[in-house]
Amino acid sequence: MKRKRILIVCAIALLAAGLAAWRLWPRSLGGLIGQGEFEQIQCKLSFYQWENTASMETEVNLLTYRLYAFDQPELGELTEILRAGQYWEDFRNLLPWGVDSLSGHDSQVLYVTVGHTESGPSWETCNMTFLGSEVALVDNKVIHPSEEFFERLKGYVQSHGELEPSARQRDIQNLADGVLRGLEVEAVTRTC
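Trainee: What am I meant to see in the overall build of the protein chain here?
Mentor: Counting secondary structure elements, the protein chain contains five helices and nine strands. The helix and strand sequence of the protein chain, counted from the amino end, reads α-β-α-β-β-α-β-β-β-β-β-α-β-α. Expressed as a percentage of its 192 residues, the buried residues of the protein chain come to 31%. Counted over contacts in the protein chain with a minimum sequence separation of 6, partners at least 24 positions apart contribute 68%. Here the protein chain displays about 12400 Å² of accessible surface, and carbon together with sulfur accounts for 56% of that area.

Trainee: When you look at the pattern of salt bridges in this model, what are you seeing that I'm missing?
Mentor: Pairs may arise between side chains of opposite charge once their charged atoms sit close together. Across all of its chains, the model carries six salt bridges by this definition. One salt bridge connects Glu89 with Arg27, and the closest N-O pair in it is separated by 3.6 Å. Placement of Glu89 in strand E4 (residues 86-89) and of Arg27 in strand E1 (residues 27-28) is noted, with a sequence separation of 62 residues between them. The same class applies to Glu89 as to Arg27, namely buried. A salt bridge links Arg66 to Glu164; the nearest nitrogen and oxygen atoms lie 2.2 Å apart. Remark: Glu164 occurs in strand E9 (residues 162-164) and Arg66 occurs in strand E3 (residues 56-69); sequence separation between them is 98 residues. Judged by its relative accessible area of 27%, Arg66 is partly exposed.

Trainee: So what exactly am I meant to see when it comes to the environment of Arg92 here?
Mentor: The residue Arg92 is located in the loop between E4 and strand E5 (108-117) in this model. Relative accessible area serves as the criterion here: at 34%, Arg92 is assigned to the partly exposed category. Residues Arg92 and Lys141 lie 49 residues apart in sequence; the distance between their C-alpha atoms is 8.2 Å. Contact partners of Arg92, with chain neighbours within four places excluded, come to Val99, Leu102, Val135 and Val142.

Trainee: Can you walk me through the packing of aromatic side chains in this structure?
Mentor: Two measures describe an aromatic ring pair: the distance that separates the ring centres and the angle between the ring planes. Scanning the model with the defined rule gives three aromatic pairs in all. Considering the side-chain rings of Phe130 and Phe150, the 6.2 Å spacing of their centres and the 45 degrees angle between planes classify their relative orientation as tilted. Within this pair, whereas Phe130 is found in strand E6 (residues 123-131), its partner Phe150 is found in helix H4 (residues 147-160), the two being separated by 20 residues in sequence. This pair shows no difference in class: Phe130 is buried, exactly as Phe150 is. Taken together, the ring pairs connect Phe130, Phe149 and Phe150 into an aromatic cluster. Here the guanidinium or amino end of Arg83 rests over the ring plane of Phe38, the centre of that ring lying 4.2 Å away.

Trainee: Just to check I follow, could you spell out helix H3 (residues 74-84) for this structure?
Mentor: Note: α-helices contain 3.6 residues per turn, so residues at a spacing of three or four share the same orientation. For H3, every residue scored as buried is listed here: Leu75, Leu78, Thr79, Ile81 and Leu82. For H3, the angular spread of the buried residues around the axis is 165 degrees, confining them to a single face.

Trainee: Sorry, what's going on with unusual backbone geometry here?
Mentor: Peptide bonds are mostly trans, and most non-glycine residues show a negative phi. Of note, the bond from Gln72 into Pro73 is cis; its omega dihedral lies within 30 degrees of zero at 5 degrees. The phi dihedral of Asp139 falls on the positive side, at around 45 degrees, and the residue is not glycine. Tracing the backbone through its elements, the reader meets Asp139 in the loop between strand E7 (135-138) and strand E8 (141-145).

Trainee: Please explain the packing of H3 against H4 as it appears in this structure.
Mentor: Close contact between H3 and H4 brings their axes to 9 Å; oriented N to C, the two are set at 165 degrees. By the angle between their axes, H3 is roughly antiparallel relative to H4. Handedness of the crossing formed by H3 with H4: left-handed. Touching Glu74, Glu77, Leu78, Glu80, Ile81, Leu82 and Ala84 of H3 are Phe149, Arg152, Leu153, Tyr156 and His160, all from H4.

Cut-offs applied
- Residues numbered from 1 in each chain as written.
- Predicted model: local features only at pLDDT ≥ 70, side-chain atom pairs only at ≥ 80, totals over all residues.
- Heavy atoms only, no water.
- Helix = DSSP H or I, 4+ residues; strand = E, 2+ residues; numbered from the N terminus.
- Buried < 20%, exposed > 50% of the residue type's maximum accessible area, 1.4 Å probe, protein only.
- Contact = heavy atoms within 4.5 Å.
- Areas by Shrake-Rupley, 256 points an atom, 1.4 Å probe, with all protein chains shown as cover.
- Salt bridge = Lys/Arg side-chain N within 4 Å of Asp/Glu carboxyl O.
- Phe/Tyr/Trp six-rings, centres within 6.5 Å; stacked < 30°, edge-to-face > 60°.
- Lys NZ or Arg CZ within 6 Å of the ring centre and 35° of its normal.
- Arc of directions from axis to C-beta.
- Axes fitted to C-alpha atoms, helices over the stretch in contact; angles between N-to-C directions.
- Parallel < 35°, antiparallel > 145°, perpendicular 65-115°, else oblique.
- Left-handed = near helix turned anticlockwise from the far one by under 90°.

This is the structure we're talking about:
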């Protein structure tokens with residue numbers, strides 16, 4: 001009886017040690033996104049601010065950078081950053097069902113889509129959503145990227161991507177364009 005308890009405790013300890021090693025062992029992101037040649041990489045980095053209005057919390061998009069890499073050198077540089085990135089597993093990946101989405105209140109969200117050919121003519125994509133450097137969803141798999149990797153990828157998208165106008169800036173620009181068109185129409189009708 002005592003020997004049976006010792007075996008059960010040892011089995012539980014081995015299982016716990018195995019799970020801890022699995023969770024804490026760093027892995028290369030290159031193995032997760034595929035080893036085929038990348039044909040294109042699309043990135044969208046958004047910075048948000050959360051505001052409390054009335055009885056609900058809303059997000060306000062402050063800045064968005066977009067980067068489309070189809071050719072060298074950007075494609076090669078982004079490929080190097082992605083393949084060199086490290087991450088740690090999440091226990092949610094052990095569940096028999098996949099994870100479709102993550103939610104969080106991070107102020108930085110980075111979307112990355114990698115298109116590549118694995119072997120032959122087949123085309124594959126890998127979709128990644130990073131909620132800051134804390135957690136990411138890569139093709140229905142929850143990971144924890146290293147902060148160094150996230151900061152390097154974020155910095156690259158910021159320095160090489162194009163800054164999009166925010167929704168407020170677009171509204172102001174559309175309003176200004178409408179006012180200018182109205183003034184132009186008024187000026188044309190007065191001169192006629």
